[in-house]
Amino acid sequence: MSNIYGVWLKEQRLAAGLTQQELADMAVMTRSHIAHIEAGRRIPSKEDARRLDRALGTGNVLSSFLPDDGAAVADYFEAARLLEQQALMIQEFALSLVPGVLQTEGYARAVLRPGFPPRSEKEGDRLLVTRLERGKILTDPAIPLFCALLDEAVLRRHVGSPEVMAEQLTHIVRLAERDRIRVHVLPFGVGYHPLLQGMLSLMMFDDQPPIAYGEGVLMGRLHDSPALVETLQRTYTLALGDALSRKESIALLRATAKDYGNHG
């Protein structure tokens, strides 16, 4: 993003005679978070911007002029998308679809195509570009650490053509074999588990407490309550304990991809 926003924030902070730590204390943020925003490495959330406005007495300037990076996502996911780009570690549970960060172009296109009323080709292309851009967080060889816990339904649910499914599962296998991600499959044989209620993403940072994001049908919500996030982390860990091992999961993904390829 352009650093005009960050430079202006720094100017207002200096004009108020505040250090980064003093502003952070007033806005209930961390000093490193302020530093990242001023340097243009981060876009503050709407709530962060409101707190900065209150601390600096700038009305609603910082809230109203948040940088727009042109990404096309549902309104309820925007804050989670920004946090996803900042996380040091992401633990994600996928109930029925491959996590967006891991989706191939063919799979993403098949997921984004349906809609009523039908989407225009232009809107569909914007959504697809944004979806594929999310995957670029994995171009760094180490950050974020990414763990995908996939319900077996993710493998079995036919999205697009058999070729699309084969390509998608093979893509996940390659990422796992390069140790870029860890992947575990939660088999149908486990039966009921608490995570069946929806998709879950747990995000950890270097300068703020963990945050959880849950999503259902056309709705999503961020959770920052320490007690709730801890409960969700514990639930994820318990489900992970019931999942197939990394080696078994990769083998199942590879075999399932081969089955799709044979039926293409």
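Residue numbers run consecutively from 1 along every chain, following the written order of its sequence. In keeping with the model being predicted, local features are shown solely for residues with a pLDDT of at least 70 and side-chain atom pairs are shown and tallied solely at 80 or more, while totals for entire chains, interfaces and linings include all residues. Values reported for side chains reflect all heavy atoms of the structure, with hydrogen atoms and water molecules removed beforehand.

A.B. asks: Could you give an account of the overall build of the chain, naming the residues involved and the relevant values?
C.D. replies: The helix and strand tally for the chain stands at 12 helices and six strands. We compute the radius of gyration over the C-alpha atoms and compare it with the globule rule, which gives 2.2 Å times the number of residues raised to the power 0.38. Relative to a compact globule of 264 residues, whose C-alpha radius of gyration would be 18 Å, the chain shows 20 Å and is just as compact. On the principal axes, the C-alpha backbone points of the chain span a range of 65 × 40 × 35 Å. The cut-offs for exposure are 20% and 50% of the maximum accessible area for each residue type, with area from a 1.4 Å probe on protein chains only; residues under the lower value are buried, those over the upper are exposed, and the others partly exposed. Buried residues in the chain amount to 45% of all 264 residues. Note on definitions: a residue-residue contact is assigned when non-hydrogen atoms from the two residues lie within 4.5 Å. Excluding contacts between residues fewer than 6 apart, the proportion of contacts in the chain whose partners are at least 24 apart in sequence is 71%. In short, Shrake-Rupley with a 1.4 Å probe defines the accessible areas, and a residue's cover is counted only from the protein chains shown. Here the chain displays about 13800 Å² of accessible surface, and carbon together with sulfur accounts for 56% of that area. Charge assignment in this entry is limited to Lys and Arg as positive and Asp and Glu as negative, and neither His nor the chain termini are counted. Just so you know, the charge point we use is NZ for Lys, CZ for Arg, CG for Asp and CD for Glu. Here the chain contributes 30 positively and 33 negatively charged side chains, and the mean placements of these two sets differ by 2 Å. Starting at the N terminus, helices and strands are each numbered in turn, a helix being any DSSP run of H or I of at least four residues and a strand any DSSP run of E of at least two.

A.B. asks: Can you tell me about the side chain of Arg51, naming the residues and giving the values?
C.D. replies: For Arg51, the position within the fold is in helix H4 (residues 46-56). Within 3.5 Å is the distance limit for a polar contact, defined as a pair of N or O atoms, with the added protein rule that one can donate a hydrogen and the other accept it, and that residues adjacent in sequence qualify only through two side-chain atoms. Within the local environment of Arg51, its side chain forms a polar contact with the backbone oxygen of Ala27, the two atoms lying 2.7 Å apart. Setting aside chain neighbours within four positions, we find Arg51 in contact with Ala27, Val28 and Met29.

A.B. asks: I'd like a rundown of the sheet that holds strand S6 (residues 219-223), residues and numbers included.
C.D. replies: Taking strand neighbours across the sheet as the criterion, the six strands line up as S3-S2-S1-S4-S5-S6 in an open arrangement whose pairing is mixed. Both edges of this open sheet fall to strand S3 (182-186) and S6, since each of them pairs with a single strand only. The average angle at which neighbouring strand axes cross in this sheet is 15°, direction not considered. At least two DSSP bridges between two strands are required for those strands to pair. For strand S1 (residues 89-94) and strand S2 (residues 145-151), the ladder comprises six bridges, and the chain directions are parallel. Residue pairing in the sheet places Glu92 in a bridge with Ala148 of S2. Of the strands in this sheet, S1, S2, S3, strand S4 (199-204), strand S5 (211-216) and S6 are in contact with helix H11 (residues 226-242), which crosses S4 at around 110°. To define axes, lines are fitted to C-alpha atoms, for helices over the stretch in contact only, and angles between the resulting N-to-C directions are given on a 0 to 180 degree scale.

A.B. asks: Report on the pattern of salt bridges, specifying residues and quantitative values.
C.D. replies: Each salt bridge in this description consists of a side-chain nitrogen of Lys or Arg and a carboxyl oxygen of Asp or Glu lying within 4 Å of one another. Throughout the structure, instances matching the rule amount to 12 salt bridges. One salt bridge connects Asp179 with Arg246, and the closest N-O pair in it is separated by 2.8 Å. Placement of the pair is Asp179 in the loop between helix H10 (162-177) and S3 and Arg246 in helix H12 (residues 246-262), with a sequence separation of 67 residues. Overall, the relative accessible area of 22% leaves Arg246 in the partly exposed class.

Distances and angles like these do not, on their own, reveal function.
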